Amino acid sequence: MEHDDRSHTSAPRCHAQSLTVRFAGFPSIDFAIGQFRFLRRLMFVHGRNCYRRLPTLIYYIFYKNIIETLVQYWFTTSAAWSGETPFVQIVINWYNMFYTAVPILAFAINDTDLPSSVAERQPTAYRISVESCWYSHLRFWRWQAEAFYASVVALFIPFLSLHASTSTDGNGGASGATPGHFEVGAVVQDLVIVGVTLRLTLELHAVTAIEALAYIGTIVFWIGNLAAFSEIDAPIGMCYGCWGAWNGVLRVFASPLPALATVLAVALMLLPRYANKVYSTVHGSDLKQMRAVAMAAHRAQKNRQAAALMHAAPPSPMLSCSSSKRGFAFSIDESSARRVLGVDV
């Protein structure tokens, strides 16, 4: 960071690469602050959260789109390379707009792994952010390898289960029913949307009402849409492959074997990440150690402050000032300056 004094008439501002911070009331800024003491929270709380959330946002956007695309690719390999898709067009169009957008937005805006009071008082928690501990090329390609694996699971387990459930009747003989590719597609798309939504829950550090509403609401919205595609005729003028091809697909979900296969497939899709979390819990990780150290340091600091307050003398009336904490950027008393520098008051 450096002070920008290229112009004697310009307002004071701080630079961090391409980030511009000025005091409130000036145009062309990224962030506006009213006092220097706000810079600490801007960096150590909001800046740290951006470092931590944005990598997951990048990983996940590629992850969910690779699964949706590869599933259709694997399907066309078994359909004589015809280029046919098992999904109706309206679901393909809405996949990124409605079915998978809200959970990642809730994560990118609201998820937090440390209380703001801890992150603000422990600069070591910020240091690990700028050391690329959350983003790396290796982590990116691990997510994409997991997407490759999940796409295979999401297509072929429902595909095989539907074949097995309709190839025999209740007496062990041939049933004469063969699932159409759109019926297969309905089960696969259900698995993909539920699977990628639950996959993101494994990255959460805290569950609030916002996350609960985003994740549960997305799955409920998708189930309602699937029921509408199955039970409501397509609007007049809409092509068969856009909606009508999924009319009546809910009967496929009534079969017990595809339902059990769907649960199994979701579990297999989540298995790599869940196994990694178990391994990190058992053997530890740098991020978990950082959080533990930050929380321990914060508790020790609060204990020291409480002990100091118990033995502190009452303040002198000559040193008190009712307006000392309401000044502008350069009107900071000694106690405010000590808070900015992170010195215990």
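Refer to the structure presented above.
Since the model is a prediction, treat every value here as computed from it, not as a measurement. (Residues numbered from 1 in each chain as written. Predicted model: local features only at pLDDT ≥ 70, side-chain atom pairs only at ≥ 80, totals over all residues. Heavy atoms only, no water.)

**Digging into the overall build of the chain**
Assigned secondary structure in the chain consists of twelve helices and three strands. Counting all 345 residues of the chain, 39% fall into the buried class. Counting contacts in the chain only where the partners sit at least 6 residues apart, residues at least 24 apart contribute 71% of the total. If you sum the accessible surface of the chain, you get close to 19300 Å²; carbon and sulfur atoms cover 65% of it. (Helix = DSSP H or I, 4+ residues; strand = E, 2+ residues; numbered from the N terminus. Buried < 20%, exposed > 50% of the residue type's maximum accessible area, 1.4 Å probe, protein only. Contact = heavy atoms within 4.5 Å. Areas by Shrake-Rupley, 256 points an atom, 1.4 Å probe, with all protein chains shown as cover.)

**Some remarks on the packing of aromatic side chains**
The tally for this structure, following the rule as stated, stands at 17 aromatic pairs. Judged by centre distance (5.7 Å) and plane angle (15°), the ring pair of Tyr59 and Tyr135 falls under stacked. With Tyr59 in helix α1 (residues 37–77) and Tyr135 in the loop between α5 (123–127) and α6 (137–167), this residue pair connects regions lying 76 residues apart in the sequence. Under the relative-accessibility criterion, Tyr135 is labelled partly exposed at 32%. Residues Trp94 and Phe98 carry aromatic rings whose centres are separated by 5.3 Å and whose planes lie at 85° to one another, so their mutual orientation is edge-to-face. Residue Trp94 and its partner Phe98 are both found in helix α2 (residues 89–99); the two are separated by four residues, about one turn of the helix. When its relative accessible area of 26% is taken as the criterion, Trp94 is described as partly exposed. For Phe98, a relative accessible area of 36% corresponds to the partly exposed category. (Phe/Tyr/Trp six-rings, centres within 6.5 Å; stacked < 30°, edge-to-face > 60°.)

**With respect to the side chain of Gln189**
Residue placement: Gln189 occurs in helix α7 (residues 181–201). Looking at Gln189, the relative accessible area reads 0%, which means it is buried. Dropping the residues within four chain positions of it, Gln189 is found in contact with Glu68, Phe87, Val91, Tyr95, Trp222 and Trp246.

**A short note on the nonpolar core**
Of all hydrophobic cores here, the largest spans 51 residues; its most connected members are Tyr63, Ile67, Val71, Val91, Val192 and Trp246. Listing elements by their share of this core, those giving two or more residues are α1, α2, α3 (101–110), α6, α7, α8 (209–231) and α10 (256–283). The element contributing the most residues to this core is α7, with ten residues. In this structure, Trp246 is in contact with Pro86, Phe87, Val88, Val91, Phe182, Gly185, Ala186, Gln189, Trp222, Leu226, Phe229 and Ser230, ignoring residues within four places of it in sequence. (Core = buried A, V, L, I, M, F, W, Y, C linked by side-chain atoms within 4.5 Å.)

**What about α1?**
Compared with the 60 Å implied by 1.5 Å per residue over 41 residues, the 60 Å span of α1 between its first and last C-alpha is a close match. At Gly47, α1 shows its maximal bend, which comes to roughly 30°. (Expected span 1.5 Å × (residues − 1). Bend = angle between axes of the 7 residues up to and from the residue.)

**A few points about the environment of Tyr135**
For the pair formed by Tyr135 and Leu54, sequence separation is 81 residues and the distance between their alpha carbons is 8.6 Å. Residues contacting Tyr135, with those up to four places away along its chain left out, are Pro55, Tyr59 and Phe140.

**A word on the environment of Ala154**
Take Ala154: it is sitting in helix α6. The class of Ala154 is buried, set by a relative accessible area of 0%. Separated by 36 residues in sequence, Ala154 and Asp190 have C-alpha atoms that sit 9.4 Å apart. Aside from chain neighbours lying at most four places away, what touches Ala154 is Val71, Val188, Leu191, Val192 and Met269.

**Examining the environment of Leu268**
By the element assignment, Leu268 lies in helix α10. Taking the C-alpha atoms as reference, Leu268 lies 9.5 Å from Gly195; in sequence the two are 73 residues apart.

**A short note on the pattern of salt bridges**
What the rule picks out here adds up to eight salt bridges. Residue Glu146 pairs with Arg199 through a salt bridge whose shortest N-O separation is 2.7 Å. On the criterion of sequence distance, the pair formed by Glu146 in helix α6 and Arg199 in helix α7 is long-range, its members being 53 residues apart. Judged by its relative accessible area of 1%, Arg199 falls in the buried class. Here Arg251 ties to Glu183 by a salt bridge, and the two come within 2.8 Å at their closest N and O atoms. Note that Arg251 is positioned in helix α9 (residues 250–253) and Glu183 in helix α7, a separation of 68 residues in sequence. We classify Arg251 as exposed; its relative accessible area is 55%. A relative accessible area of 15% places Glu183 in the buried class. (Salt bridge = Lys/Arg side-chain N within 4 Å of Asp/Glu carboxyl O.)

**Regarding the side chain of Thr85**
With respect to the secondary-structure elements, Thr85 resides in the loop between α1 and α2. Separated by 3.3 Å, the side chain of Thr85 and the backbone nitrogen of Phe87 make a polar contact. Excluding its chain neighbours within four sequence positions, the residues that come into contact with Thr85 are Gln72, Phe75, Ile92, His181 and Phe182. (Polar contact = N/O pair within 3.5 Å; in protein donor to acceptor, adjacent residues only side chain to side chain.)

**As for a nonpolar patch on the surface**
There is a patch of nonpolar side chains on the surface, built from Phe148, Val152, Phe156, Phe159 and Leu160 and spanning about 430 Å² of accessible area. Relative to the elements of secondary structure, Phe159 occurs in helix α6. (Patch = residues over 30% accessible without salt bridge, like charges linked within 9 Å, V, L, I, M, F, W, Y side chains within 5 Å.)

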